[in-house]
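# Geometric and topological summary
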Amino acid sequence: MARRALAALGLFCLAYPLLLYGWLHLQPVYGRWCGWAGGHAAALTLDWQVRTLTSQGRDRIEVVFSTYVPSGRGLGELTMGVVLPLSSFTFNAPLTLALLAALYPLLRYRWRALGEGLLFLVAVHLLYVYSACGLHLTGSAAKAGVAFNYPPAVRFFWEFLYAFVENMLVRFEPFLVAAFIWMRTEGAHRRLAG
């Protein structure tokens, strides 16, 4: 076991700088994809449409939403943009990936565990974008006083979801993923063995 622990430590020390370097180049593409998927999910939930998705430099994306609202002359189009700094939700990704790499020699069912860890990581990032877009759309609609003003319970839900995802899930993401994978594989091994 001590050999495997040393291998895991060595793998982490080797993987982290490499993954950090690679992530700096991959982050804009990945963040754009997360913005597209999470933005469309929020738009579908709140009955908006995604008009455009643009990059603002290497670290920001803007998702522009639109919907139709009643106005004095019929229906008018309401457009709102949500700017998302990529580093606000992807800053822990290299550390998470390095922890997954370090756990590789210690795990049973290795490839399944790595796949589940990556899915968990992507799900947290998509949930962040989804909650940030939903919070901005419901809050901006309330401030603008548009005809489809969302009830307080809906606004509270989006505020709570965003605060939970940003302050809990994203901050502790590497350790949550590692703990999830460890418990998942060890639990599966115990069920099969016993």
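The structure displayed is predicted, hence computed values, not measured ones. (Residues numbered from 1 in each chain as written. Predicted model: local features only at pLDDT ≥ 70, side-chain atom pairs only at ≥ 80, totals over all residues. Heavy atoms only, no water.)

### A short note on the overall build of the chain
So the rule is basically this: Runs of E in the DSSP output that reach at least two residues are strands. Runs of H or I that reach at least four are helices, and both are numbered from the N terminus. Burial classification: accessible surface area is computed with a 1.4 Å probe over protein chains only, and a residue below 20% of its type maximum counts as buried, one above 50% as exposed, and the rest as partly exposed. In this description, contact between two residues means that some pair of their heavy atoms is separated by no more than 4.5 Å. Accessible surface area values rest on a Shrake-Rupley calculation with a 1.4 Å probe, where residue burial reflects the displayed protein chains alone.
Counting its regular elements, the chain contains six helices and three strands. Moving toward the C terminus, one meets the helices and strands of the chain in the order α-β-β-β-α-α-α-α-α. Out of the 194 residues in the chain, the part that is buried amounts to 41%. Long-range pairs, those at least 24 residues apart, make up 67% of the contacts in the chain between residues at least 6 apart in sequence. Just so you have it, the chain exposes about 10600 Å², and 68% of that area is on carbon and sulfur atoms.

### Here's the deal with helix α3 (residues 93–103)
Counting buried residues in α3 gives eight out of 11 residues, a clear majority hidden from the surface. Among the residues of α3, those classed as buried are Ala93, Pro94, Thr96, Leu97, Ala98, Leu100, Ala102 and Leu103.

### Overview of the pairing of strand β2 (residues 60–71)
Using the following cut-off: Strand pairing requires that DSSP identify at least two bridges connecting the strands.
Summarising the sheet, strand β1 (residues 49–55) and β2 pair through six bridges and their orientation is antiparallel. Following the sheet pairing, leucine 53 is matched in β2 by valine 63. Where β1 folds back onto β2 in an antiparallel hairpin, the turn is made up of four residues, including glycine 57, whose phi is positive at roughly 80°. Direction of pairing for β2 relative to strand β3 (residues 74–85): antiparallel, over a ladder of 12 bridges.

### Considerations on the packing of aromatic side chains
Let me state the cut-off plainly: The criterion for an aromatic pair is that two Phe, Tyr or Trp rings (for Trp, the six-membered ring) have centres within 6.5 Å, with stacked assigned to planes under 30 degrees apart, edge-to-face to planes over 60 apart and tilted to the rest.
Within this structure, the stated rule accounts for 11 aromatic pairs. Taking 5.1 Å as the distance between ring centres and 20° as the angle between the ring planes, the aromatic pair formed by phenylalanine 89 and tyrosine 128 counts as stacked. On the criterion of sequence distance, the pair formed by phenylalanine 89 in helix α2 (residues 87–90) and tyrosine 128 in helix α4 (residues 110–144) is long-range, its members being 39 residues apart. Tyrosine 128 shares its class with phenylalanine 89; the two are buried. Plain terms: the ring middles of phenylalanine 156 and phenylalanine 160 are 6.4 Å apart, the flat faces sit at 25° to each other, and that makes the pair stacked.

Worth remembering: the numbers are spatial, not functional.
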